Amino acid sequence: MARILKSRGVSISMQKLDPYLNVDAGTMSPYQHGEVFVTEDGSETDLDLGHYERFVDQNLTSSSYATTGQVYSAVIASERRGDYLGSTVQIIPHITDEIKRRVHQVAHESKAEVVIVEVGGTIGDIEGLPFIEALRQMRSDVGRQNVLYAHVTLLPRLGVTGELKTKPTQHSVKELRGMGLQPDLILLRADSFLADGIRAKVSLFCDVDESAVVPLVSAQTMYEVPLIMEEAGVGELIMEKFGLTANAPDLEEWRHVVERIKHPARQVKVALVGKYVELVDAYMSVREALYHAGAYHDVGVDIKWVESDLLQSGAEDQLAGVDGIVVPGGFGYRGIEGKIQAAKYAREHGVPYLGLCLGLQMMVIEFARSVAGLKGANSTEFDAHTPHPVIDLLPEQRQVFDKGGTMRLGSYPCQLVPGSRAAEAYGQEVVHERHRHRFEFNDLYRKALTSKGLIPSGILEDEDLVEIVELQDHPWMVATQFHPEFKSRPNRPHPLFRGFLSAVIKRSEERAASVPLQKERVA
Ligand code: GLN
């Protein structure tokens, strides 16, 4: 929705209201919620904010994300301060007011014409009630003509008969009405084609115009969804409801990216070595950043998800067939030695390598152990008594005991070293990138490592912290202490992912060219 409004020149902003009690997404397991996304201003959020930023190509801020935990903490703090002296503090109006205040704040800060607010969870969840009620009140606060309610429902398909069932949609609309809300637009999610008559049926039972019942069948790439919605008339419907006039939608650039993603000229294979390979959501932004860079180079990126535990005794079996290796971020000891093996394999075999946060730490540890002769080198996160803590906490981090929101978070400037691969990829001298980690490259080992060919190619100047490292004698082995994946957009792929994929493509072409030669030799 945001993309199609933006394509008309309407200014937009977005917000996710997450009804769970956690104060932020930072302490939640990727098993349950997928990746933790980080905004420029250092807020740890649900991965949906990553989608928002990618779809609208706009940085969002901490205001764009609110949970029940944040809302209640704010109201209870006000109560303790005595802001409500004399009153009974209640869900309505105090909690609902705080929710509305946060919605207005996004509108105020962004000055956007339209703010799209998504409430997480499912209609009927107990935790969701105050949020739905707040949005209901919004209708009289800002005027009926200024609020549009869109309801996303699922049409399950019965395996035996292949029939799509509208009952859950009917029931959730009934439930919504019980809360005083009537949807203006119903988006029907289905895994495959909707038979004739389904829209009419939903329209009749749910009292929504048939033109406002929009099928959303799973697409080949999610970037196609705005095009499908535009085609279905959603853009016009919203414009009409709000009485907005604007330009005709310009989705050309977007269409081009979608075409490239759907029909790449050729494929390359990249291994993503992670702890949660059964759960691609945990590496959502990394996956998307690879796809964006692929679209830029007109190649499809075939990601081989490799479970790091499988690499512990050597990486040959899993990594022999790939043209690039990515080691993404992570926490905790499990899978570490496997990731170190992946870095070793990349270094020894000249395979392009991109390390992201933990991926930098793995590369440094491997280099320290294998090249600089620092036996037993490690991060103090994994071995508190390592003889060579090449990755360690900064002294000020040692005093921090709370887990929530206490990492180095959000955007920091990074000075690039001229002539390095990183500087070449960015084509800039200073860049700003987002962080989410506790441990750092240990400066005490900088000399020992650089003298052997590890190049610190990005530095946080004020504190002289190493932010990027790369290898001198290698086609492309670059790793960052920050998370470049958070800033990649389909229409503006991240420079480091672009640079990495250039190297991957080069290697895959060289390998393809060398195969017939080898065959000839055998013949
Ligand atoms: N666990 C590491 C640290 O805290 C890396 C974090 C990450 O990859 N995001 O420094």
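See the structure printed just above.
Before going into details, it helps to say that this report is about the structure given with it. (Residues numbered from 1 in each chain as written. Predicted model: local features only at pLDDT ≥ 70, side-chain atom pairs only at ≥ 80, totals over all residues. Heavy atoms only, no water.)

A word on the nonpolar core. Buried together is how nonpolar side chains tend to be arranged in soluble globular proteins. Judged by nonpolar contacts, the single largest core of 49 residues is most densely connected at Leu-5, Ile-12, Met-14 and Leu-188. With 5 residues, strand 7 (residues 185-190) is the largest single contributor of residues to this core. Ignoring anything within four residues of it in the chain, the contact list for Leu-5 reads Val-10, Ile-12, Val-114, Ile-116, Ile-238 and Met-239. Val-327, Ala-368, Leu-374 and Ala-479 belong to the second largest nonpolar core, which has 42 residues in total. (Core = buried A, V, L, I, M, F, W, Y, C linked by side-chain atoms within 4.5 Å. Buried < 20%, exposed > 50% of the residue type's maximum accessible area, 1.4 Å probe, protein only. Helix = DSSP H or I, 4+ residues; strand = E, 2+ residues; numbered from the N terminus. Contact = heavy atoms within 4.5 Å.)

Another aspect to go through is the state of the cysteines. The full count for this structure, using the stated rule, is 0 disulfides. The thiol of Cys-414 is unpaired, and the distance to the nearest cysteine sulfur, on Cys-357, comes to 13 Å. For Cys-414, a relative accessible area of 1% translates into the label buried. (Disulfide = S-S within 2.5 Å.)

Locating Asn-442 in the fold gives a position in the loop between strand 17 (439-441) and helix 17 (446-450). Its relative accessible area of 11% is what places Asn-442 among the buried residues. For the pair Asn-442 and Leu-394, spaced 48 residues apart in the sequence, the C-alpha separation amounts to 8.3 Å. Residues within four places of Asn-442 in sequence aside, it is in contact with Pro-389, Val-390, Ile-391 and Asp-392.

This part takes up the packing of aromatic side chains. On inspection of all chains with the given rule, the structure shows 7 aromatic pairs. When the centroid spacing of 5.7 Å and the interplanar angle of 40° are considered together, the rings of Phe-55 and Trp-254 count as tilted. Of this pair, Phe-55 sits in helix 3 (residues 48-56) while Trp-254 sits in helix 11 (residues 252-262), placing them 199 residues apart in sequence. Assigned by exposure class, Phe-55 and Trp-254 land together as buried. Seen in terms of ring centroids, Tyr-333 and Phe-382 are 6.4 Å apart; in terms of plane orientation they differ by 55°. Their pairing is tilted. You can see Tyr-333 sitting in the loop between strand 11 (324-327) and helix 14 (336-349) and its partner Phe-382 sitting in the loop between strand 13 (378-379) and strand 14 (389-393), a full 49 residues away along the chain. Taken together, the aromatic side chains of Phe-55, Tyr-223 and Trp-254 make up a single cluster linked through ring pairs. Over the ring of Tyr-412 we find Arg-408; its NZ or CZ atom is 4.8 Å from the centre of that ring. In this arrangement the basic side chain of Arg-498 is found over the ring face of Tyr-296, its NZ or CZ atom lying 5.0 Å from the centre. (Phe/Tyr/Trp six-rings, centres within 6.5 Å; stacked < 30°, edge-to-face > 60°. Lys NZ or Arg CZ within 6 Å of the ring centre and 35° of its normal.)

Turning to the sheet that holds strand 1 (residues 12-18), a few remarks are in order. The sheet built from 3 strands is open, its strands ordered 4-1-5 with parallel pairing. Only two strands of the sheet have a single neighbouring strand rather than two, namely strand 4 (65-67) and strand 5 (114-119). Put simply, the sheet's adjacent strands are angled 20° from each other on average, direction ignored. The pairing of strand 1 with strand 4 spans 3 bridges and is parallel. In the sheet register, Lys-16 faces strand 4, and the bridge partner there is Tyr-65. Packing against the sheet, helix 3 makes contact with strand 1, strand 4 and strand 5, and its axis sits at approximately 170° to strand 1. (Pairing = 2+ DSSP bridges. Axes fitted to C-alpha atoms, helices over the stretch in contact; angles between N-to-C directions.)

Attention shifts here to the site of the ligand. Around the ligand, the structure places Gly-329, Gly-330, Phe-331, Cys-357, Leu-358, Gln-361, Glu-381, Arg-436, His-437, Arg-438, Phe-439 and His-483. Backbone polar atom of Leu-358 to an oxygen atom of the ligand: 3.1 Å apart, as the coordinates give it. At 2.7 Å, a side-chain N or O of Glu-381 approaches a nitrogen atom of the ligand. Out of a free accessible area of 300 Å², the ligand has 99% covered by protein chains. Of all the secondary structure elements, the ones that give two or more residues to the shell around the ligand are helix 15 (358-370) and strand 16 (430-437). (Near = heavy atom within 4 Å. Polar contact = N/O pair within 3.5 Å; in protein donor to acceptor, adjacent residues only side chain to side chain. Areas by Shrake-Rupley, 256 points an atom, 1.4 Å probe, with all protein chains shown as cover.)

Scope: geometric values only; no functional claims are made or implied.
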